[in-house]
Amino acid sequence: MEVVKTIKQVRTMVAEAKKAGKKVALVPTMGNLHDGHLTLIDEAKKAANFIVCSVFVNPTQFGPGEDLDKYPRTALQDQQKLTFKSVAIFFSPPEYEMYPFGRMQTTVEVPHITKTLCGAARPGHFTGVTTVVSKLFNIVQPDFAVFGEKDFQQLVVIKKMVRELFYPIEILSIPTVREADGLAMSSRNAFLNEADRTLAPQLYATLSSVKYKMLAGERDFNKLAADAKQRLEDKGFTTDYFEIRDAETLERCSESTSRLVLLGAVTLGQTRLIDNISLTLKS
Ligand code: PAF
């Protein structure tokens, strides 16, 4: 694995790999790699034989007062974790390589869908994500890019961007990787104190209980979501949203929606956690 810091070197190495007939997959991350990220790499390896893992804590997707400064930066441990993963390039550019003209010059924005759910609570967040992901796509020009389903809205937004901007890239995704107690793996879990860490799996437990109610035939989505939100708050969560949406569009569901997603965003202490469960309802 080569640790690369410049766009020029990534481009040279990827061009050589493509010339040798290799398929290239990009796994974009912000580092502090956990088993969820390693599963993304495993998925990338099923599709491609030249893997680029980017590690860049992207400042433009953090709003004022968010955790950019304390976001864990663990480059050496991350490199060690990838040692036996046959990653070709560990791309960890400094900020001036990714934003040589300043943080917010040309941006890529996917409208509407980025204004709801996490986008409502974190204005500008998804513009930061789509801008940096576009930059990475243009730098690496991969055949495939792999994202986790834990960031469900991010995945839907990126798929839309790829479709509408005609990126010749296939987006792959992997289901959320969980701790033994159900908590979705996330770099931010490290910020939870002991009491909050004990409480945190209740988010997934609540999503699961709503899913089973829906599978058992309950269809009053507004009531199901409102009750779930209340249950989370009674347990001590500050709930940003608990929603049942169309899994393709993230719009509110209609009677004909069959692929749905339950999405929750909560805060425990200073830590924001998100999680989701998809399900298909027979019409
Ligand atoms: O999901 C993440 O870790 C980030 O949002 C991403 C896609 C690497 C962009 O910075």
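As shown above, the structure is provided for reference.
Cut-offs used in this document
Residues numbered from 1 in each chain as written. Predicted model: local features only at pLDDT ≥ 70, side-chain atom pairs only at ≥ 80, totals over all residues. Heavy atoms only, no water. Axes fitted to C-alpha atoms, helices over the stretch in contact; angles between N-to-C directions. Helix = DSSP H or I, 4+ residues; strand = E, 2+ residues; numbered from the N terminus. Parallel < 35°, antiparallel > 145°, perpendicular 65-115°, else oblique. Left-handed = near helix turned anticlockwise from the far one by under 90°. Contact = heavy atoms within 4.5 Å. Expected span 1.5 Å × (residues − 1). Buried < 20%, exposed > 50% of the residue type's maximum accessible area, 1.4 Å probe, protein only. Phe/Tyr/Trp six-rings, centres within 6.5 Å; stacked < 30°, edge-to-face > 60°.

(A) Quick look at the packing of helix H6 (residues 125–140) against helix H7 (residues 152–164). Remark: H6 packs on H7, axes separated minimally by 11 Å, with the N-to-C direction vectors making an angle of 50°. Judged by the inter-axis angle, H6 sits oblique to H7. In this structure, H6 crosses over H7, and the sense of that crossing is right-handed. Residues Phe126, Val129, Thr130, Val133, Ser134 and Phe137 of H6 form the contact with H7, whose participating residues are Gln153, Gln154, Val157, Ile158, Met161 and Val162.

(B) Local environment of H6. The end-to-end C-alpha separation of H6 is 23 Å, in line with the 22 Å expected for 16 residues at 1.5 Å each. The buried fraction of H6 is high, at 14 of 16 residues. At the C-terminal side of H6, Gln141 shows a positive phi close to 50°.

(C) Quick peek at the packing of aromatic side chains. Enumeration according to the criterion identifies three aromatic pairs in this entry. Relative to Tyr99, the ring of Phe56 lies with its centre 6.3 Å away and its plane at 35°, an arrangement referred to as tilted. Taken together, the residues span a long stretch of sequence, with Phe56 in the loop between strand S3 (50–55) and helix H3 (75–81) and Tyr99 in the loop between helix H4 (95–98) and helix H5 (118–121) at a distance of 43 residues. Residue Phe56 is classed as buried on the basis of its relative accessible area, which comes to 7%.

(D) Quick peek at H7. Across its 13 residues, H7 extends 18 Å between first and last C-alpha, which sits within 8% of the 18 Å expected from 1.5 Å per residue. By the burial criterion, the buried members of H7 are Phe152, Gln153, Gln154, Leu155, Val156, Val157, Ile158, Met161 and Val162. On its buried side, H7 packs onto H5, H6, strand S5 (144–148), strand S6 (170–174), strand S8 (259–268) and strand S9 (271–280). The first or second residue beyond H7 is Phe166, which carries a positive phi of 60°.

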